[in-house]
Amino acid sequence: MSHHVEVRSMRRILIAFGITALAAGSATAQQQGTPPTADPRAAFAATDKNKDGVIDHAEFQARITEVFYFADQDKNGLAKKGELHVFDEDELFAEADKNGDGQLSLREFVAARFVLFEEADTNKDGVLSLDEVLAEFEKH
């Protein structure tokens, strides 16, 4: 498998993980300190706050912000590689770490997640449907 194909495959996994990791921000997970389940339907439902059947940019940003702060174990507002397991691959972390300081700020994390949001939005309507989320999840 070529390096480009490997990175592309990893991106697909990250999209799926990014969507399922949205469940990490749930109150129960925060209270119990437990990791999220890999249930894309539950994650979708938890993220779709207005229950309109799609995840828009505002809902996605709110949830990934919760995920970031949940993952930031030392609560310093910066996430190191080990804190954000979705970025454990050196190349993926480096790609997201735009200023090269070895940490991800919320801004860097959100920007990286939105790249993946746009890739998952296959019909380019600006929102993620459950079908798009499930299709991305099933690719890995």
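A. Quick peek at the side chain of Asp48. Note on placement: Asp48 falls in the loop between α3 (40–47) and β1 (54–55). Despite being buried, Asp48 has no salt bridge partner; Lys51 is the closest side chain of opposite charge, sitting 5.7 Å away. Side-chain polar atoms of Asp48 contact the backbone nitrogen of Gly53, separated by 2.9 Å.

B. Inspection of the packing of aromatic side chains at higher detail. Across all of its chains, the model carries 5 aromatic pairs by this definition. On the numbers, 5.2 Å between centres and 70° between planes, the contact of Phe60 with Phe114 is edge-to-face. With a gap of 54 residues between them, Phe60 in helix α4 (residues 57–71) and Phe114 in helix α6 (residues 106–120) connect regions that are remote in the sequence. For Phe60, a relative accessible area of 2% translates into the label buried. Taken together, the ring pairs connect Phe60, Phe114 and Phe117 into an aromatic cluster.

Rules of the game
- Residues numbered from 1 in each chain as written.
- Predicted model: local features only at pLDDT ≥ 70, side-chain atom pairs only at ≥ 80, totals over all residues.
- Heavy atoms only, no water.
- Helix = DSSP H or I, 4+ residues; strand = E, 2+ residues; numbered from the N terminus.
- Buried < 20%, exposed > 50% of the residue type's maximum accessible area, 1.4 Å probe, protein only.
- Lys, Arg positive; Asp, Glu negative; His and termini not counted.
- Salt bridge = Lys/Arg side-chain N within 4 Å of Asp/Glu carboxyl O.
- Polar contact = N/O pair within 3.5 Å; in protein donor to acceptor, adjacent residues only side chain to side chain.
- Phe/Tyr/Trp six-rings, centres within 6.5 Å; stacked < 30°, edge-to-face > 60°.

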